[in-house]
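These are the residues of each chain, in order.
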Amino acid sequence: MIETLSEARAHGGVQGVYRHASRATGTAMTFSVFVPPHAPGARLPALWYLSGLTCTHANVTDKGEYRRACAEHGLIFVAPDTSPRGEGVADDPAYDMGQGAGFYVDATQAPWAPHFRMRSYVEAELPALVAAHFPVDMDRQGITGHSMGGHGALTIALRDPARFRSVSAFAPISAPSDCPWGQKALAGYLGEDRAAWRAHDACALIEDGARLGALLVDQGADDAFLAEQLKPERLEAACAAAGIALTLRRQPGYDHSYYFVSSFMADHIAWHAARLKR
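Residues numbered from 1 in each chain as written. Predicted model: local features only at pLDDT ≥ 70, side-chain atom pairs only at ≥ 80, totals over all residues. Heavy atoms only, no water.

Draft legend 1. Quick peek at the pairing of strand 5 (residues 76-80). Counting buried residues along strand 5, 5 of its 5 residues qualify, which places the element largely inside the surrounding structure. Neither face of strand 5 is exposed, since Ile-76, Val-78 and Pro-80 on one face and Phe-77 and Ala-79 on the opposite face are all buried. Relative to strand 5, strand 3 (residues 28-35) is paired through 4 bridges, and the arrangement is antiparallel. Along strand 5, the bridge assignment pairs Phe-34 with Phe-77. Sheet topology places strand 4 (residues 44-50) next to strand 5; 3 bridges connect them, and they run parallel. Residue pairing for strand 5: Leu-47 is matched across the bridge by Phe-77. (Buried < 20%, exposed > 50% of the residue type's maximum accessible area, 1.4 Å probe, protein only. Helix = DSSP H or I, 4+ residues; strand = E, 2+ residues; numbered from the N terminus. Pairing = 2+ DSSP bridges.)

Draft legend 2. Seen up close, the side chain of Arg-163. Mapping Arg-163 onto the fold places it in the loop between helix 4 (148-159) and strand 7 (164-170). Polar side-chain contacts of Arg-163 include one of 3.1 Å to the side chain of Gln-141. Each residue touching Arg-163, except ones within four places of it in the same chain, is listed here: Trp-48, Val-122, Glu-123, Pro-127 and Gln-141. (Polar contact = N/O pair within 3.5 Å; in protein donor to acceptor, adjacent residues only side chain to side chain. Contact = heavy atoms within 4.5 Å.)

Draft legend 3. Main features of the nonpolar core. Grouped together as the largest cluster of nonpolar side chains are 89 residues, with contacts concentrated most on Phe-31, Phe-77, Ile-143, Tyr-189 and Met-265. Here this core takes 7 residues from helix 9 (residues 258-275), the largest share from any one element. (Core = buried A, V, L, I, M, F, W, Y, C linked by side-chain atoms within 4.5 Å.)

Draft legend 4. Unusual backbone geometry, seen in detail. Between Ala-110 and the following residue, Pro-111, the backbone shows a cis peptide bond with an omega angle of 0°. With respect to the element layout, Pro-111 can be found in the loop between strand 5 and helix 3 (118-133). Phi angles above zero are rare outside glycine, and His-11 is one such case at about 50°. Along the chain, His-11 falls in the loop between strand 1 (3-10) and strand 2 (13-21). Judged by relative accessible area, His-11 falls into the partly exposed class, the value being 39%.

Draft legend 5. Seen up close, the packing of aromatic side chains. All chains considered together, the criterion is met by 13 aromatic pairs. Measuring from centroid to centroid gives 6.4 Å for Phe-34 and Tyr-66, while their planes differ by 65°, and the two rings are edge-to-face. In this pair, Phe-34 is assigned in strand 3 and Tyr-66 in the loop between helix 1 (57-63) and helix 2 (67-73), connecting sequence segments 32 residues apart. For Phe-34, a relative accessible area of 0% corresponds to the buried category. Residue Tyr-66 is classed as buried on the basis of its relative accessible area of 0%. Relative to Phe-264, the ring of Tyr-254 has its centre 4.9 Å away and its plane inclined at 70°; by these criteria the two rings are edge-to-face. Taken together, the residues Tyr-254 in the loop between strand 9 (245-251) and helix 9 and Phe-264 in helix 9 connect sequence positions 10 residues apart. Here the aromatic residues Phe-34, Tyr-49, Tyr-66 and Phe-77 are joined through ring pairs into a cluster of three or more. Here Arg-67 stacks its cationic end above the ring of Tyr-66, 4.8 Å away from the centre of that ring. Just above the ring of Trp-48 sits the side chain of Arg-163; from NZ or CZ to the centre is 5.5 Å. (Phe/Tyr/Trp six-rings, centres within 6.5 Å; stacked < 30°, edge-to-face > 60°. Lys NZ or Arg CZ within 6 Å of the ring centre and 35° of its normal.)

Draft legend 6. Structural detail: the pattern of salt bridges. What the rule picks out here adds up to 13 salt bridges. Note that Asp-81 is salt-bridged to Arg-85, the shortest N-O span being 2.7 Å. Note that Asp-218 is salt-bridged to Arg-249, the shortest N-O span being 2.8 Å. In this pair, Asp-218 sits in strand 8 (residues 214-220) while Arg-249 sits in strand 9, placing the two residues 31 residues apart along the sequence. The class for Asp-218 is buried, based on a relative accessible area of 0%. By relative accessible area, Arg-249 is classed as partly exposed at 25%. Through salt bridges with shared partners, a single network forms among Arg-119, Glu-123 and Arg-159. (Salt bridge = Lys/Arg side-chain N within 4 Å of Asp/Glu carboxyl O.)

Written as structure tokens, this is what we have:
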């Protein structure tokens, strides 16, 4: 069951925000879905968008500027939250851990393990819910994301390439085992055994044999987090060694914000649409 929080007409389709009781997290979870105009009975491809640190579903919903392109190409756009939230859910005073910073993993460590199960939520529970309530063709799925969400999109797709026909990312955390954001989150949620981190590190997954057919990444050249946290050169090297067709576009003058994401959103939607045709 889902609860409709809001629905509004946009570009001939419907932008909705919904809430449900999650079995995976043990909390209420909120997500947004844009359904473009379509013929009765039609089943449409879906593009999953995973957000970054501190974000909810609302950041991309309000600032992502995706609806016109999704309406043009006939793509459903699904944006989950980044973590469980609410009373009784563990948190951290820092912005890069706890609520708003779930990192798309299933936590095994206290105090995070009872609720922080974002891998299970995004990979299994929410897709089943979306398939039951929206006109999605589950054989035609793509995934993208920004920053921490770019990390999530890459790792989820690398672990399950048969599910996704198309993959892209905006300024992803490419090698979380080798940057402060990733090291803090992976150690906190999964423990100090770095072997357990490898399933949540795009570069490590590629080194261990995971493959994608093709990948589009946009990265702002003036991103303040570029050198310390994002490390696109690591992803570039891993893809080159593995023979993965990576299109990495370093965009001069762009930072890490939604001004950057929204500037190239239509390009990403067109990339996915071309690969999600029947």
